[in-house]
Amino acid sequence: MDTKQIIYKKYFNIGVAVDTERGLIVPVIKDVDKKKLVKLSIELGELANKARERKISLEELQGGCFTITNLGGIGGTYFSPIINSPEVAILGVSRGNYEPVYNNHGVFEPRMMLPLSLSYDHRIIDGADAIRFLRFVIEALENPIKLLI
């Protein structure tokens, strides 16, 4: 910030907030773009356990570009996650809930709705691109098979 420079990284590291006895801790999964979904899932589980058991290293908490936080598991709804510099964005996942939604025929039907909040640094991310990304996340959640293709 002092030099008013933006440093573009050549890697994608994602932090995932983990609820522990001492508050939220954000371990970072490194090089997510180079790993398959199963590998990411295993690594996330291992890092989350290390965070809860207070066995996580400082290196495993550094280097994030983007964070995912989920307060829905503890009842949170509609929150505004704050970006931790030098990261550029954070996705907040709230508690899912069935709500009445109009279908294509103009009739209400119950549908699981999952509130998502995306906060991002406008100096780095264009707002339209951010919403396109969020739309991609929504489509992947609605049709997870797309992630495997």
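Up top you'll find the structure we're talking about.
Cut-offs used in this document
Residues numbered from 1 in each chain as written. Predicted model: local features only at pLDDT ≥ 70, side-chain atom pairs only at ≥ 80, totals over all residues. Heavy atoms only, no water. Helix = DSSP H or I, 4+ residues; strand = E, 2+ residues; numbered from the N terminus. Polar contact = N/O pair within 3.5 Å; in protein donor to acceptor, adjacent residues only side chain to side chain. Contact = heavy atoms within 4.5 Å. Pairing = 2+ DSSP bridges. Axes fitted to C-alpha atoms, helices over the stretch in contact; angles between N-to-C directions. Salt bridge = Lys/Arg side-chain N within 4 Å of Asp/Glu carboxyl O. Buried < 20%, exposed > 50% of the residue type's maximum accessible area, 1.4 Å probe, protein only. Phe/Tyr/Trp six-rings, centres within 6.5 Å; stacked < 30°, edge-to-face > 60°. Expected span 1.5 Å × (residues − 1). Arc of directions from axis to C-beta. Patch = residues over 30% accessible without salt bridge, like charges linked within 9 Å, V, L, I, M, F, W, Y side chains within 5 Å. Areas by Shrake-Rupley, 256 points an atom, 1.4 Å probe, with all protein chains shown as cover.

## A closer look at the side chain of Ser119
If you trace the backbone, Ser119 turns up in strand β9 (residues 116-120). A polar side-chain atom of Ser119 sits 2.6 Å from the main-chain carbonyl oxygen of Pro81. Among residues more than four places away in sequence, those in contact with Ser119 are Pro81, Ile83, Val88, Ala89 and Ile90.

## Thoughts on the sheet that holds strand β4 (residues 28-29)
Read from one edge to the other, the open sheet built from five strands follows the order β4-β1-β5-β6-β9, with strand pairing classed as mixed. Taken across any chain shown, the strands that pair with only one partner, and hence form the sheet edges, are β4 and β9. Pairing geometry for strand β1 (residues 14-16) and strand β5 (residues 66-70), over three bridges, is parallel. Note on β5: the bridge partner recorded for Ile14 is Phe66. Each of β5, β6 (89-93) and β9 is contacted by helix α2 (residues 127-142), which is oriented at about 150 degrees to β9, the strand it contacts most.

## A few points about the side chain of Ser94
The topology assignment puts Ser94 in the loop between β6 and β7 (97-102). Here Tyr78 takes part through its backbone nitrogen, which lies 3.0 Å from a polar atom of the side chain of Ser94. Discounting chain neighbours no more than four positions away, the residues touching Ser94 are Asn70, Gly72, Gly76, Thr77, Tyr78, Phe79, Leu114 and Pro115.

## As for the pattern of salt bridges
Applying the stated criterion across every chain, the model contains eight salt bridges. A salt bridge links Glu60 to Lys50; its shortest N-O distance comes to 2.6 Å. One end of the pair, Glu60, is in the loop between α1 (37-52) and β5; the other, Lys50, is in helix α1, with 10 residues separating them in the sequence. Taking the relative accessible area as the measure of exposure, Glu60 reaches 16% and is therefore buried.

## Observations concerning the packing of aromatic side chains
Considering all chains together, one arrives at two aromatic pairs under this definition. Between Phe66 and Phe133 the ring centres are 5.7 Å apart and the planes differ by 80 degrees, which places this aromatic pair in the edge-to-face class. Highlighted residues: Phe66 in strand β5 and Phe133 in helix α2, separated in sequence by 67 residues. The partly exposed category is assigned to Phe133, whose relative accessible area is 34%. On the numbers, 4.2 Å between centres and 20 degrees between planes, the contact of Tyr102 with Phe108 is stacked.

## Let's talk about α1
Across its 16 residues, α1 extends 22 Å between first and last C-alpha, which sits within 8% of the 22 Å expected from 1.5 Å per residue. Along α1, the positions that sit buried rather than exposed are Leu40, Glu43, Leu47, Ala48 and Ala51. Down the axis of α1, the smallest arc covering the buried residues is 135 degrees, so these residues share one side. For α1, the secondary structure elements touched by its buried residues are β2 (18-20), β3 (23-25) and β4.

## Let's talk about a nonpolar patch on the surface
The grouping of Leu37, Phe133, Phe136, Ile145, Leu147 and Leu148 at the surface amounts to a nonpolar patch, some 590 Å² of accessible area in total. Within the residue set of the nonpolar patch, elements represented by two or more residues are α2 and α3 (145-148). Ranked by residues supplied to the nonpolar patch, first place goes to α3 with three residues. Examined against the element boundaries, Leu148 turns out to sit in helix α3. Leu148 gets classed as exposed once you look at its relative accessible area, which sits at 60%.

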